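Each chain, letter by letter, is given below.
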Amino acid sequence: MIVVTGATGSIGRALVGRLRGHDVLAVVRRDAEDLGVPYAKADFDRPDTIGGLLNPGDRLFLNSSLWPGYVDAHRAVIDLAARAGVAQIVAVSVRDAEPGAKLGMGMHGAVDAHLRKSGVPWTILQPSGFMQNLPRDFEHGSMYGAYGSTPVNYIDTRDIADVAAALLTAPVGPDRDLVLTGPESLSHDRIAEEIGRALGRPVRYVNLPVPEMTAHLERQGIPQPHAGDLAALMAETGDGRWAATTTAVRDVTGRPPRPLSAFLADHRDAFPA
Ligand SMILES: NC(=O)c1ccc[n+]([C@@H]2O[C@H](COP(=O)([O-])OP(=O)(O)OC[C@H]3O[C@@H](n4cnc5c(N)ncnc54)[C@H](OP(=O)(O)O)[C@@H]3O)[C@@H](O)[C@H]2O)c1
């Protein structure tokens, strides 16, 4: 059986859609008939509820959004998967994950390290930023950030789901990290231009210095120290570290990742009017 955690999220929902017809179980926190596959309720906050769903030979897609208990909960589920005899874990991490790094990169780094020595065959997906999050950077028709003018790579979460589906339905492969990117890296000025073209109205990218971006994020309800860390991280990615593209999506799925234009064509309504 393929057990999919985070099944109601942007990656998980696309993944279970691709796994219809396979022996799949979606792990959810509330009723989810709309997923169209069998589901069971469980919560990472109680790792045993997820562990209790796992059987020898299962394939596990390990993913959830982040919260303060994320590292302990995910490590506990990995241990329970090892004990249950799970055949493979495909986990969602982030590009540049490293123990001790800022925000999600540090959390993912800690979980990735645990998974690599768990004894369970693993693949760690390390995607760049999600196109699906671009609408959140919008306010009053402008896009705000602290990235400067360096190109940054974004990936459509449907491509992450496609990679996961390919891995989980093929024979278990070698343990490996896969850095997943979209097909192109663009400056935020170019991204705003493309969004404007798709929406049929001008969209401007407003680049703010880190302290002003921090204040902007705080006004949006993101508390300190996260707002400051997030703004600093945006400025750091402006050094080009998230500019490189990889061939991982094409290597695993046999087709190139979706460009920003394809994401925008399908997600116009996600942007505030
Ligand atoms: N955003 C980015 O640009 C970016 C870039 C690289 C990597 N990532 C990583 O991508 C991952 C999230 O991707 P996503 O598409 O799945 O996000 P998402 O769309 O926010 O979905 C999060 C999923 O996690 C589930 N979840 C959260 N807390 C849970 C808990 N305690 N127990 C069980 N399920 C729980 C949610 O369930 P409910 O529906 O019940 O809330 C939902 O299904 C994170 O690890 C993030 O660090 C993000």
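Nothing here was measured: the structure is a model prediction, and the numbers come from that model. (Residues numbered from 1 in each chain as written. Predicted model: local features only at pLDDT ≥ 70, side-chain atom pairs only at ≥ 80, totals over all residues. Heavy atoms only, no water.)

## Focus on the sheet that holds strand 2 (residues 24-28)
Link 1 in the chain: Judged by pairing direction, the sheet is parallel, and its 7 strands sit side by side in the order 3-2-1-4-5-6-11 without closing on themselves. Two strands close off the open sheet at either side, each with one partner strand: strand 3 (39-41) and strand 11 (176-180). The average undirected angle you get between the axes of adjacent strands in this sheet is 20°.
Link 2 in the chain: Pairing of strand 1 (residues 2-4) with strand 2, which is carried by 3 bridges, proceeds in the parallel orientation. Residue pairing across strands places Val3 opposite Leu25, the latter belonging to strand 2.
Link 3 in the chain: Running at roughly 155° to strand 1, helix 1 (residues 10-19) makes contact with strand 1, strand 2, strand 4 (59-62) and strand 5 (88-92) of the sheet.
Link 4 in the chain: Running over the sheet, helix 3 (residues 70-84) touches strand 4 and strand 5 and is turned about 175° from strand 4. (Pairing = 2+ DSSP bridges. Helix = DSSP H or I, 4+ residues; strand = E, 2+ residues; numbered from the N terminus. Axes fitted to C-alpha atoms, helices over the stretch in contact; angles between N-to-C directions. Contact = heavy atoms within 4.5 Å.)

## Examining the environment of Pro135
Link 1 in the chain: As for its position among the elements, Pro135 is in the loop between strand 7 (129-130) and strand 8 (138-139).
Link 2 in the chain: What makes Pro135 buried here is its relative accessible area of 10%.
Link 3 in the chain: Distance from Pro135 to Arg268, taken between C-alpha atoms, is 9.3 Å for residues 133 residues apart in sequence.
Link 4 in the chain: Excluding anything up to four places from it in sequence, Pro135 contacts Ala270, Phe271 and Pro272. (Buried < 20%, exposed > 50% of the residue type's maximum accessible area, 1.4 Å probe, protein only.)

## Re the pattern of salt bridges
Link 1 in the chain: Tallied over the entire structure, the rule returns 16 salt bridges.
Link 2 in the chain: Among the salt bridges present, the one from Arg13 reaches Asp34, with a minimum N-O distance of 2.9 Å. Taken as a pair, Arg13 in helix 1 and Asp34 in the loop between strand 2 and strand 3 lie far apart in primary sequence, 21 residues in all.
Link 3 in the chain: Taking relative accessible area as the criterion, Asp34 reaches 54% and is therefore assigned exposed.
Link 4 in the chain: Where Asp162 meets Arg255, a salt bridge forms, and the shortest distance between an N and an O atom there is 2.3 Å. With Asp162 in helix 5 (residues 157-169) and Arg255 in the loop between helix 9 (248-253) and helix 10 (260-267), the pair connects residues that are 93 residues apart, well separated along the chain. (Salt bridge = Lys/Arg side-chain N within 4 Å of Asp/Glu carboxyl O.)

## So, the pairing of strand 5
Link 1 in the chain: Most of strand 5 sits inside the fold, with 5 of its 5 residues counted as buried.
Link 2 in the chain: A two-sided burial pattern is seen for strand 5, the buried positions comprising Gln88, Val90 and Val92 on one face and Ile89 and Ala91 on the other.
Link 3 in the chain: Two strands pair when backbone bridges link them, and strand 4 and strand 5 are joined in this way by 4 bridges, in the parallel orientation. Bridge pairing in strand 5 links Leu62 to Ala91.
Link 4 in the chain: Each parallel crossover has a hand, and for strand 4 linked through helix 3 to strand 5 it is right-handed.
Link 5 in the chain: Pairing between strand 5 and strand 6 (residues 122-127): 4 bridges, direction parallel. By the bridge assignment, Val92 is partnered in strand 6 with Leu125. (Right-handed = clockwise from strand over helix to strand, strands pointing away.)

## What about helix 6 (residues 188-199)?
Three or four residues apart is the spacing at which side chains of an α-helix point the same way, because the helix has 3.6 residues per turn.
Link 1 in the chain: Between the first and last C-alpha of helix 6 there are 16 Å, a value that for 12 residues agrees with the 16 Å anticipated at 1.5 Å per step.
Link 2 in the chain: The complete set of buried residues in helix 6 reads His188, Ile191, Ala192, Glu194, Ile195 and Gly196.
Link 3 in the chain: In this structure, the buried residues of helix 6 make contact with strand 8, strand 9 (142-145), strand 10 (152-155), strand 12 (185-186), strand 13 (204-207) and helix 10.
Link 4 in the chain: Positive phi appears at Gly200, one or two residues downstream of helix 6, with a value of about 75°. (Expected span 1.5 Å × (residues − 1).)

## Some thoughts on the site of the ligand
Link 1 in the chain: As a structural note, the neighbourhood of the ligand is formed by 24 residues, with Thr8, Ser10, Asn63, His108 and Asn133 the closest of them.
Link 2 in the chain: Backbone polar atom of Gly9 to an oxygen atom of the ligand: 3.0 Å apart, as the coordinates give it.
Link 3 in the chain: Here an oxygen atom of the ligand sits 2.6 Å away from a polar atom, N or O, in the side chain of Ser10.
Link 4 in the chain: Its free accessible area being 940 Å², the ligand has 81% of it covered by the protein chains.
Link 5 in the chain: Only helix 1 and strand 7 provide two or more residues apiece to the shell around the ligand. (Near = heavy atom within 4 Å. Polar contact = N/O pair within 3.5 Å; in protein donor to acceptor, adjacent residues only side chain to side chain. Areas by Shrake-Rupley, 256 points an atom, 1.4 Å probe, with all protein chains shown as cover.)

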